[in-house]
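Residue strings, one per chain:
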Amino acid sequence: MSARIGVVTFPGSLDDGDAARAVRVAGGEAVRLWHGDSDLHGVDAVVLPGGFSYGDYLRTGAIARFAPVMESIIDGARGGLPVLGICNGFQILCEAHLLPGALTRNSHLHFRNRDQWLRVDAASTAWTNSFEADQEILVPLKSGEGRYVADRATLDALAAENRIVATYLRGNPNGSERDIAGVTNEAGNVVGLMPHPEHAIEALTGPSLDGLGFFTSILKHLAGASA
Amino acid sequence: MTTQPDTASSEAEEKSLPAQVASYDGRNGPDTVERAGETAGELQPFAELGLRDDEYERIRGILDRRPTQSELAMYSIMWSEHCSYKSSKVHLRQFGEKQPPSDRMLAGIGENAGVIKISDEIAVTFKVESHNHPSFVEPYQGAATGVGGIVRDILAMGARPVAVMDPLRFGAADHEDTARVLPGVVAGIGGYGNCLGLPNVGGEVVFDPTYQGNPLVNALCVGVLPVDRLQKKDAAGPGNIVVLMGAKTGRDGIGGVSVLASATFDDGSQARRPSVQVGDPFTEKLLIEACLELYDANLVVGIQDLGGAGLTCALTETAAAAGTGMRVWLERVPLREPSMEPHEILASESQERMLLIVKPEQLDAVLAVAEKWGVLATAIGEVTPSEVSGLPGRLRITWRDHLVVDVPPASLADDGPVYARPMREPADLILLQADRAETLPRPATPDDLKATLLRMVGSPNLCDKSWVTEQYDRYVLGNTVLAQPEDAGLIRVDEHSGLGVALSVDGNGRFARLDPYNGAKLALAESYRNVAVTGAKPVAVTNCLNFGSPEDPAVMWQFAEAVRGLADGCLELGIPVTGGNVSFYNQTGAAAIHPTPVVGVLGVIDDVADRVPIGFAKPATGDGDLIFLLGETANELSGSEWAWVTHEHLGGVPPKVDLAKERALAQVLAEAARVGHLSAAHDVSDGGLAQVLVEACLRNGVGARIALPEEFSAGSMPFVYLFSESAGRAVVSVPRGHEKAFTGLCAEQGVSWTPIGVTDGQNEALEIRGQFSVPLAELREAHTATMPKLFGASLPVED
């Protein structure tokens with residue numbers, strides 16, 4: 001039986017369909033989760049997709065973080081449930097304090113959509129174990145509030161503990177501290193990524209197939225865990 | 001119908017915001033039908049609302065009394081140019097009269113948007129509209145709500161919106177006002193479209209001083225629906241409930257169609273800002289999901305979006321379409337401003353609202369779906385039968401038990417005034433056409449030619465537009481196969497079969513200024529060709545006709561000629577016009593913009609995997625692909641980008657257009673794509689062959705070695721070959737081994753071809769043999785530096 005990966009839909013989620021497609025293309029079963037339902041329906045892992053949950057009003061991710069489904073996800077994540085937050089999902093994970101730091105307005109104040117080179121710095125997490133350490137990948141970035149910030153101590157700790165998952169290469173697109181594109185928690189089960197791997201899974205529609213690695217990683221991780 | 005406040009009767013002066021003019025003080029309650037009957041002689045501010053004396057008399061005749069304040073507001077907006085098409089109607093009929101037969105069309109002109117069947121089960125709907133004046137007054141919100149409006153038109157047909165495109169035209173690139181308008185417009189389009197989750201897959205960014213005080217912000221949306229989910233707007237079935245769903249109604253946008261639109265712009269433009277609507281894309285996203293869930297559960301009898309003319313337009317059009325009447329309790333409309341008066345509620349253009357007709361027994365289910373999505377939905381009225389006399393039903397609206405409206409809905413929706421306005425060829429046209437660009441000084445040496453190339457690729461209209469397009473999400477929904485800077489956007493519609501659609505929007509105001517009839521045909525030809533180079537088969541047309549004041553006979557002549565050209569062109573190409581939008585009064589003072597018909601063409605491709613991109617492919621082996629120019633090149637420089645950039649010249653007659661040849665070219669391209677003869681294909685238009693070669697090389701960093709044909713190798717002929725803008729041409733690259741079959745296909749279809757060179761994976765340069773060679777790095781620098789220099793270098797951010 002293939003692993004069941006939950007994909008949450010908040011009001012204003014936009015890339016939920018894309019994340020579900022990526023799970024399927026990788027060989028998993030995508031289970032759609034509704035923001036108002038605190039039941040996780042027994043999924044093995046969860047993806048918080050990109051979009052503008054609640055219109056990004058107040059602060060990105062600030063309202064979604066209080067959705068009923070998030071209570072279960074926060075509890076689950078603390079118990080080891082693998083969670084990947086992409087873009088708006090990353091913002092929600094920071095608001096939920098599952099990940100340190102915050103995502104703020106791009107330093108140039110524009111929304112930016114471009115094919116972005118990344119280096120996968122931490123290939124040890126539940127969501128990156130299919131990559132080689134320091135592997136360079138090409139994945140779309142599309143965000144207006146993607147500038148990762150944290151205090152110096154946190155940034156130093158992230159670097160020291162190998163918790164910076166990915167960094168921007170060939171130009172920092174949004175002013176993120178230390179070129180950070182993604183981070184993970186101490187246990188390595190929760191990962192936040194600003195770029196969109198779910199848009200790089202097919203030659204026809206993406207700039208590469210590099211994004212698929214995040215989704216095959218979780219399947220591999222779950223297969224290992226159940227073995 | 002229309003959602004954009006872009007035209008209206010010009011008699012309205014800016015002192016006359018309807019909210020202020022309709023100044024009945026309400027001390028004795030609102031102006032009721034009863035009171036109107038008793039005070040027949042009361043003076044009403046109809047002229048300030050843009051109605052002519054004879055129009056006002058006609059309203060009195062229809063009602064057999066004076067209109068109430070609310071009725072007057074309703075007639076003034078529904079009989080405005082924008083809503084009634086009163087100046088354009090007599091011309092637009094040609095789109096129907098000259099319509100080529102099509103077995104694909106499920107809905108056409110007169111609907112919210114045209115619907116085209118692309119398989120037995122799937123249909124697509126698409127339309128382009130303008131939001132020009134609002135975007136000049138308030139660039140961010142004007143452009144944002146332009147996207148929101150066209151998206152609701154598509155939604156109203158039963159479709160899920162799947163992509164947007166934005167043809168944009170601004171004043172001179174280096175003018176200070178362009179620096180105000182462009183960033184706001186781009187951010188507004190991105191802010192709204194990105195938040196809705198719609199990929200932006202193409203469009204135009206054009207600069208010309210003609211648009212200085214009057215930028216053109218057009219917006220196109222395409223949606224997909226199962227054939228059997230097509231929705232109607234008819235308020236059918238007496239006893240059915242009228243539901244208003246979406247945002248609360250506020251004072252924003254009151255009089256958008258009659259105030260902003262009437263506007264020949266002047267110093268008072270800033271005072272019109274309250275007439276611009278304010279957008280909330282998050283609410284629209286929820287509205288989309290709620291509507292789609294309602295359609296799938298078969299809970300909707302009729303549906304209409306609220307755009308220009310707000311509730312007035314939606315109530316009268318839905319009732320008129322069904323011939324029914326309607327009873328509406330206006331105080332049930334949820335308001336942002338509790339102090340709003342009835343005529344304001346009826347005229348408000350608050351965004352993100354839809355009007356639904358639902359069966360009484362399904363009302364609870366409808367309200368439950370709305371609640372699931374967190375969208376407000378309120379029953380505000382019910383459908384009533386036709387009159388006992390057999391006449392169509394009446395629209396009766398009460399407000400707190402006062403009858404404020406009692407009208408035949410069709411008198412507003414369908415039976416507005418129609419004018420055959422006077423027309424006269426512009427007096428200066430003969431002289432303008434005699435001043436040909438073919439006689440201008442040309443670059444004389446290879447070095448001059450190279451310098452011209454570098455200047456051209458960095459000029460505002462030809463330079464790289466990533467500064468704009470990077471602010472749009474092109475990936476969301478995961479079905480974008482091609483997006484800008486490709487010639488057309490290409491969207492996968494069916495993941496299993498690979499069925500997809502291609503879309504392009506194009507216009508050329510300079511060509512249309514020199515010859516509106518052929519200018520419109522050229523815009524059509526370019527859009528058609530842009531779709532064809534992707535490998536898709538063009539099947540349908542939408543248009544946005546941007547013109548000056550229809551009261552100027554010269555403008556009216558341009559309009560009539562352009563419509564005639566477009567209708568004739570569509571007939572010759574065998575593809576129908578399915579809908580569109582007219583935007584008049586695009587002028588500042590007495591100066592009208594260049595006539596600017598913008599044409600959108602939709603194509604179908606059986607398998608998106610066959611699509612052909614514009615960029616030369618990186619050769620797998622040492623041998624490059626063969627490059628061919630299809631079509632014929634003539635000495636045609638009038639109206640060209642070269643004439644403008646190097647001489648600031650506009651004169652002569654535009655390139656000849658031969659639509660039979662365009663058709664043959666499209667057939668070759670579709671067939672060649674299907675069987676895999678092409679590694680790249682790129683339409684030749686603005687900037688000529690030179691621009692195409694640069695773009696095709698830069699896309700993937702692949703060089704090319706070009707040898708000009710014998711007859712274009714001497715004197716200034718290399719220049720003509722590189723910069724002429726002759727129509728009916730495309731550049732293709734053909735992998736080795738396919739050239740015989742490909743040229744055979746061209747011969748079969750009567751398309752002329754010229755082998756002009758090979759791609760070069762080793763040497764990153766564009767070489768024009770006997771003339772010059774330029775490294776791609778130098779071309780890239782020239783091509784990409786312009787926009788950041790004009791509008792601010794944003795990136796990459798260096799640490």
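Just so it is clear, the model here is predicted, and its values are computed rather than measured.

## Some words on the overall build of chain B
Summing up its helical and strand segments, chain B has 28 helices and 28 strands in all. Considering only C-alpha atoms, chain B reaches an extent of 90 × 60 × 55 Å along its principal axes. Put simply, chain B has 799 residues, and 63% of those count as buried. Considering only contacts within chain B whose residues lie at least 6 apart along the sequence, 86% involve residues at least 24 apart.

## Considering the overall build of chain A
Within chain A, the regular secondary structure consists of five helices and 11 strands. Relative to the 2.2 N^0.38 estimate, which gives 17 Å for 227 residues, the radius of gyration of chain A is 16 Å and therefore close to what a compact globule would have. The principal-axis extent of the C-alpha atoms belonging to chain A is close to 45 × 40 × 35 Å. When each of the 227 residues of chain A is scored for burial, the buried share is 60%. Within chain A, contacts between residues at least 6 apart in sequence are counted, and of these 76% link residues at least 24 apart.

## Considerations on unusual backbone geometry
All names here are of chain B. Residue P485 follows Q484 across a cis peptide bond; omega there is 5 degrees. You can see P485 is positioned in the loop between β14 (480-482) and β15 (489-492). In this structure, Y85 is a non-glycine residue whose phi angle is positive, near 55 degrees. With respect to the element layout, Y85 can be found in the loop between α5 (81-84) and α6 (89-97). Given 20 C-beta atoms within 10 Å, Y85 falls into the buried group. Although it is not a glycine, R400 sits at a positive phi angle of roughly 50 degrees. Here R400 is to be found in the loop between β12 (395-399) and β13 (402-407).

## Some remarks on the interface of chain B and chain A
Tallying the contact residues gives 28 residues for chain B and 31 residues for chain A. Put simply, the parts of the chain that give the side of chain B that touches chain A at least two residues each are α9 (176-196), α11 (281-296) and β14 of chain B. By residue number, the principal contributor to the side of chain B that touches chain A is α11(B), which donates four residues.

## Details of the pairing of strand β8 (residues 302-305) of chain B
Residue and element names in this part refer to chain B. Side chains G302 and Q304 of β8 all project onto a buried face; the interleaved residues I303 and D305 project onto the opposite face, where all are buried too. In this sheet, strand β10 (residues 353-358) lies alongside β8 in antiparallel orientation, the contact comprising four bridges. Counterpart to D305 in the pairing with β10 is M354.

## Side note on the sheet that holds strand β27 (residues 765-768) of chain B
The strands making up a sheet associate through backbone hydrogen bonding, with each pair oriented either parallel or antiparallel. Residues and elements named next belong to chain B. With respect to topology, seven strands assemble into an open sheet ordered β23-β25-β22-β26-β24-β27-β28, the strand pairing being mixed. Unpaired on one side and paired on the other, β23 (680-683) and β28 (772-775) mark the two borders of the sheet. Taking each pair of neighbouring strands and ignoring which way they run, the sheet shows an average axis angle of 20 degrees. Note that β27 and β28 share four bridges and pair antiparallel. The residue bridging E767 from the neighbouring strand is S773, located in β28. Sitting on the sheet, helix α27 (residues 776-784) is in contact with β24 (703-706), β27 and β28, with an inclination near 70 degrees to β28.

## Here we look at the packing of α9(B) against α11(B)
Geometry of a packed helix pair, given as the angle between the helix axes and the separation of the axes. Residues and elements named next belong to chain B. In the contact formed by α9 and α11, the axes pass within 8 Å of each other and the chain directions differ by 35 degrees. The way α9 lies across α11 gives a crossing that is right-handed. Note on element contacts: α11 touches α9 through P281, F282, E284 and K285, opposite Y192, C195 and L196. Taken together, the residues of the contact of α9 with α11 break down into five nonpolar, no polar and two charged.

## Re the pairing of strand β7 (residues 241-246) of chain B
Residues and elements named next belong to chain B. Extensive coverage of β7 is indicated by the burial of six of its six residues. Of the strand pairs in this sheet, β7 and strand β11 (residues 377-384) are connected by five bridges, and their pairing is antiparallel. Opposite V243, over in β11, you have A379 as the bridge partner. Where β7 meets β10, six bridges bridge the pair, whose relative direction is antiparallel. The residue of β10 that forms the bridge with V243 is L356.

## Looking at helix α1 (residues 16-26) of chain A
Turn by turn, an α-helix covers 3.6 residues, leaving residues three or four places apart pointing in a common direction. All names here are of chain A. Of all 11 residues making up α1, nine are buried, and the element is well covered by its neighbours. Looking at α1, one finds that the buried residues are D16, G17, D18, A19, A20, R21, A22, V23 and A26. Of the residues one or two after α1, G27 is the one with positive phi, at around 110 degrees.

## Points about the sheet that holds strand β1 (residues 105-107) of chain B
Residues and elements named next belong to chain B. The strand order β1-β2-β3-β6-β4-β5 describes an open sheet built from six strands, whose pairing is mixed. Two strands close off the open sheet at either side, each with one partner strand: β1 and β5 (200-207). Strand after strand, the sheet turns through a mean of 20 degrees between neighbouring axes, direction not considered. With seven bridges joining them, strand β4 (residues 160-170) and strand β6 (residues 216-226) adopt antiparallel strand pairing. Bridging from a neighbouring strand, P161 pairs with G223 of β6. Sitting on the sheet, helix α8 (residues 139-156) touches β3 (122-130), β4 and β6, and the angle it makes with β6 is about 25 degrees.

## Concerning helix α17 (residues 446-457) of chain B
Residue and element names in this part refer to chain B. Given a rise of 1.5 Å per residue, 12 residues ought to cover 16 Å, and the 17 Å separating the end C-alpha atoms of α17 matches this to within 8%. Taken as a whole, α17 has its buried residues at L449, L453, M456 and V457. For α17, the arc enclosing every buried residue in end-on projection is 90 degrees, short of the 170-degree limit, so these residues lie on one face.

## A look at the packing of helix α24 (residues 688-700) of chain B against α27(B)
Residue and element names in this part refer to chain B. One way to put it is that α24 packs onto α27 with a least axis distance of 10 Å and a crossing angle of 105 degrees. With respect to α27, the element α24 is oriented roughly perpendicular. Between α24, through V694, C697 and L698, and α27, the contact on the second element is made entirely by L776, L779, R780 and H783. Grouping the constituent residues of the contact of α24 with α27 by class yields five nonpolar, one polar and one charged.

## So, the nonpolar core
V83(A), L669(B) and L693(B) are the most contacted members of the largest nonpolar core, which totals 318 residues. Not counting the four nearest positions on each side in its chain, L693(B) is found in contact with A704(B), I706(B), V731(B) and L766(B).

## Comments concerning the confidence of the model for chain B
Residues and elements named next belong to chain B. Chain-level pLDDT for chain B is 92 on average; 93% of the residues reach the 70-or-more range. Below a pLDDT of 50 lies the segment residues 1-24, which in the model reaches 102 contacts outside its immediate sequence neighbourhood of four places, other chains included. Long-range and interchain partners of residues 259-265, a stretch whose pLDDT sits below 50, account for 36 contacts in this model, where long-range means more than four residues apart. Both scores are available for the predicted complex, with the pTM at 0.94 and the ipTM at 0.96.

Calculation notes
- Every chain's residues receive numbers from 1 upward, in the order its sequence appears when written.
- Chains carry letters and ligands carry numbers; both start at the beginning, A for chains and 1 for ligands, and go up in the order they are written.
- Confidence filtering applies because this is a predicted model: local features only for residues at pLDDT of at least 70, side-chain atom pairs given and counted only at 80 or more, and all residues used for totals across whole chains, interfaces and linings.
- Secondary structure follows DSSP: runs of H or I at least 4 residues long count as helices, runs of E at least 2 residues long count as strands, and numbering of each begins at the N terminus.
- Any residue surrounded by 20 or more other C-beta atoms within 10 Å of its C-beta is treated as buried, while 12 or fewer makes it exposed and the intermediate range makes it partly exposed; C-beta atoms here are placed from the backbone.
- Once C-beta atoms are placed from the backbone, any two residues with those atoms within 7 Å are in contact.
- Restricting the calculation to C-alpha atoms gives the radius of gyration, and the globule rule supplies 2.2 Å times the number of residues raised to the power 0.38.
- Should DSSP find at least two bridges between two strands, the strands are regarded as paired.
- In this description, a line fitted to the C-alpha atoms serves as the axis of each element, helices being fitted only across the stretch in contact, and the angle between N-to-C directions of two axes falls anywhere from 0 to 180 degrees.
- By definition, turning the near helix anticlockwise from the far helix through less than a right angle yields a left-handed crossing, and turning it clockwise yields a right-handed one.
- Gly is put with the polar residues, along with every residue not named as nonpolar or charged; the nonpolar set is Ala, Val, Leu, Ile, Met, Phe, Trp, Tyr, Cys and Pro, and the charged set is Asp, Glu, Lys and Arg.
- Here the expected length of a helix is defined as 1.5 Å per residue gap, with one fewer gap than residues.
- This arc describes the spread of directions from the helix axis toward the C-beta atoms.
- Every angle not falling under 35 degrees, over 145, or within 65 to 115 is termed oblique; those three ranges are roughly parallel, roughly antiparallel and roughly perpendicular.
- Here a nonpolar core is just a set of buried residues of the types Ala, Val, Leu, Ile, Met, Phe, Trp, Tyr and Cys, joined wherever their C-beta atoms sit within 7 Å.
- Known as pLDDT, the predictor's confidence for each residue is given on a scale from 0 to 100.

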